[in-house]
Amino acid sequence: MDMNSATSQFKNRFGYSPARIVRAPGRINLLGEHVDYNDGLVLPAAIDRATYIAFSPSVTDRSTIVAVDFDQPAVFSVEGLSAKSQTDGSPLPEWAHYPTGLMWALREAGLATPAMDAVFLSNVPRGSGLSSSASVEMAFALAWQTLGGWTRSPMERALLGQKAENQYVGVNCGIMDQFASACGEENKALLLDCRSLEYRSLPLPESVSLVVADTTVRRKLTSGEYNNRRNACEETVNLLKDDLRAMTSLSEVHLVDITILAKGLPPELARRSRHVVEEIGRVNQSQSLLEAGDVQQFGQLMNQCHVSLRDLYEVSIPELDAMVEIAQGLRGCYGARLTGAGFGGCTINLVEREHASEFVERLAKGYESNTGLHPEIYICRASDGARLL
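Cut-offs and rules
- Along every chain, residues carry numbers that run from 1 in the direction the sequence is written.
- Under the rules for a predicted model, residues below a pLDDT of 70 receive no local features and side-chain atom pairs below 80 are neither given nor counted, while totals for whole chains, interfaces and linings still include all residues.
- Note: side-chain values were computed over all heavy atoms of the structure, leaving out hydrogens and water.
- Strands here are runs of E lasting at least two residues and helices are runs of H or I lasting at least four, both read from the DSSP assignment and numbered beginning at the N terminus.
- Both definitions apply: the radius of gyration is a C-alpha atom measure, and the globule rule equals 2.2 Å times residues to the power 0.38.
- Only protein chains enter the accessibility calculation, which uses a 1.4 Å probe. A residue is then buried if its area is under 20% of the maximum for its type, exposed if over 50%, and partly exposed in between.
- A contact between two residues is defined here by any heavy atoms of the two lying within 4.5 Å.
- Per-residue and other accessible areas were derived by the Shrake-Rupley procedure at a 1.4 Å probe size, with only the shown protein chains allowed to occlude residues.
- Here a salt bridge means any side-chain nitrogen of Lys or Arg lying within 4 Å of a carboxyl oxygen belonging to Asp or Glu.
- Helix span is expected to be 1.5 Å times the residue number reduced by one.
- Throughout, the arc means that of the directions going from the helix axis to the C-beta atoms.
- Only the stretch in contact is used when fitting a helix axis, every axis being a line fitted to C-alpha atoms; angles between N-to-C directions are given from 0 to 180 degrees.
- For a crossing to be left-handed, the near helix must be turned anticlockwise from the far one by less than a right angle; the clockwise case is right-handed.
- Here the term charged refers only to Asp, Glu, Lys and Arg, the term nonpolar to Ala, Val, Leu, Ile, Met, Phe, Trp, Tyr, Cys and Pro, and the term polar to all other amino acids, Gly among them.
- Throughout this description, any angle smaller than 35 degrees is read as roughly parallel, any larger than 145 degrees as roughly antiparallel, any in the 65 to 115 degree range as roughly perpendicular, and the remainder as oblique.
- Aromatic contacts are taken between Phe, Tyr and Trp rings whose centres are within 6.5 Å, Trp giving its six-membered ring; a plane angle under 30 degrees counts as stacked, one over 60 as edge-to-face, and the others as tilted.
- Only when the NZ of Lys or the CZ of Arg is both within 6 Å of the ring centre and within 35 degrees of the ring normal is a charge said to sit over the ring.

### A short note on the overall build of the protein
Right, so step 1: Broken down by element type, the protein carries 11 helices and 12 strands.
Right, so step 2: Relative to the 2.2 N^0.38 estimate, which gives 21 Å for 389 residues, the radius of gyration of the protein is 21 Å and therefore close to what a compact globule would have.
Right, so step 3: Overall size of the protein, expressed as C-alpha extent along the three principal axes, is 60 × 55 × 40 Å.
Right, so step 4: Looking at the protein as a whole, 59% of its 389 residues qualify as buried.
Right, so step 5: Taking as baseline every contact in the protein between residues at least 6 positions apart, the subset at least 24 positions apart corresponds to 72%.
Right, so step 6: Element-wise, carbon and sulfur atoms account for 45% of the exposed surface of the protein, whose accessible area totals about 15400 Å².

Listed below in structure tokens is the structure:
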């Protein structure tokens, strides 16, 4: 899938060539899971799976957007945004909440959103933990910037995408997914402080491959479990304010203090907070390891992360655990863990490049034998963020 596919689909639907094409990648998160909404450190990378949009200004005041993957159009105007309705009064399809939510957030910021004709297609699997929604948001942000004649930095566009997802779609996500899709760098991981929004890139060694393994078990973040985890973190902060009076997030709790503080919390909140604080500690450790090219030790941190997500944050499922356990026993695997919110989706595996193809074959065979499910497994690389092509 590439710009040629997007161009061809646009011509088929609208009968003329698009003005521009934009590409925005999905992402994996190497470390720092469920940390972004706790204002901590995260370590994502954009990947070479992406959403492509072919678009042109509309000659009417209505936007017509065709989701090729659903074989479905949505036709809407500014007047129907708040009601989430199409111009004929029917409800917007659920996938359309991402572009219309982005349009809503841009207009809230006083930015022009001219009507467009567009098609979009993606090879980021939906519901897999690779942030397909963020890639759609960041692609449309750049498309509307192009049509609207305004300019915002990649980070500013990411924040607008987060606002759309929080306040329009209804998923109380942090900034990481939109940030990685907007700001990705080729062959680099991005170390982001989710409180200050300062970030820097860290090298990914040429000797390793990023292997994404899709369990094919789908999750739906709007079903509530993600928001429940976030609510638990906020409740913990409120309870710990007696001990740490100026505290506003779990990122302010020191690693040496969490064991003592957790004793005063209800058991579930103690587990959730321990994961967050210890996970931020792992991201801190990872900086010097990546700079030194120490993939062995970095992989161990990924393995520890999975155990924590499984036992403390309780967002894993048997299929994810099986995928990780099989991967960790294969030649060339430095580390494996679930990536994304959990409850289904993908694992991320750090694998010695020369063994990557063999790893994919053996992992697929082992997982299918264990679960009866046929996985989708991709060898990926870190890629640039959202770009006009």
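Read on for the rest.
### Describing the pattern of salt bridges
Right, so step 1: This model, assessed by the stated rule, comprises 18 salt bridges.
Right, so step 2: Note that E234 and R230 form a salt bridge whose closest N and O atoms lie 3.6 Å from each other. Residue E234 and its partner R230 are located together in helix α6 (residues 225–240), separated by 4 residues, close to a single helical turn.
Right, so step 3: The residue R310 makes a salt bridge to D311 at a minimum N-O spacing of 2.7 Å.
Right, so step 4: Look at R310 and you get partly exposed, because its relative accessible area is 35%.
Right, so step 5: Overall, D311 belongs to the partly exposed group, its relative accessible area being 36%.
Right, so step 6: Three or more residues joined by partner-sharing salt bridges are found here, namely E268, R271, R272 and E314.

### Here's the deal with α6
Right, so step 1: Compared with the 22 Å implied by 1.5 Å per residue over 16 residues, the 23 Å span of α6 between its first and last C-alpha is a close match.
Right, so step 2: Among all positions in α6, only Y226, R229, R230, A232, C233, T236, V237 and L240 are buried. Angularly, the buried residues of α6 cover 150 degrees about the axis, an arc narrow enough to put them on a single face.

### Let's talk about the packing of helix α4 (residues 154–169) against helix α5 (residues 176–183)
Right, so step 1: Relative to each other, α4 and α5 sit at 145 degrees, their axes nearing to 8 Å. In the packing of α4 onto α5, the handedness of the crossing is right-handed. Only Q178, F179, A182 and C183 of α5 make contact with α4, whose side of the interface consists of P154, M155, A158, G161, Q162 and E165.
Right, so step 2: Counted by class, the contact of α4 with α5 contains 6 nonpolar, 3 polar and 1 charged residues.

### Here we look at the side chain of H306
Right, so step 1: Considering the arrangement of structural elements, one finds H306 in helix α9 (residues 295–311).
Right, so step 2: With residues up to four places along the chain from it excluded, the contact list for H306 reads S316, L320, D321, V324, A336, R337 and L338.

### Remarks on the packing of helix α7 (residues 255–262) against helix α8 (residues 267–292)
Right, so step 1: Axis separation between α7 and α8 bottoms out at 10 Å; the angle between their running directions is 180 degrees. Classed by the angle they form, the pair α7 and α8 counts as roughly antiparallel. Seen from α7, the contacting residues are L255, I258 and A262; seen from α8, they are A270, S273, R274, V277 and E278.
Right, so step 2: Classifying every residue of the contact of α7 with α8 gives 5 nonpolar, 1 polar and 2 charged.

### A look at the environment of I377
Right, so step 1: In this structure, I377 sits in strand β11 (residues 376–380).
Right, so step 2: C-alpha of I377 to C-alpha of V324: the two residues are 53 residues apart in sequence and 13 Å apart in space.
Right, so step 3: For I377, the contacting residues outside a window of four places in its chain are V211, V212, A213, V360, L363 and A364.

### Some words on the packing of aromatic side chains
Right, so step 1: Here the structure, examined in full by the defined rule, presents 9 aromatic pairs.
Right, so step 2: Arranged with centres 5.6 Å apart and planes meeting at 85 degrees, the rings of F120 and F140 form a pair that is edge-to-face. Pair noted here: F120 is in strand β5 (residues 116–122) and F140 is in helix α3 (residues 132–148), with a separation of 20 residues, a long-range link. F140 carries the same exposure label as F120, and that label is buried.
Right, so step 3: On the numbers, 4.9 Å between centres and 70 degrees between planes, the contact of F179 with Y199 is edge-to-face. In this pair, F179 is assigned in helix α5 and Y199 in strand β7 (residues 199–203), connecting sequence segments 20 residues apart.
Right, so step 4: Every member of this aromatic cluster is reached through a ring pair, and the members are F70, W95, F120, F140 and W144.
Right, so step 5: Sitting over the face of the ring of F14, R13 holds its NZ or CZ atom 5.3 Å from the ring centroid.

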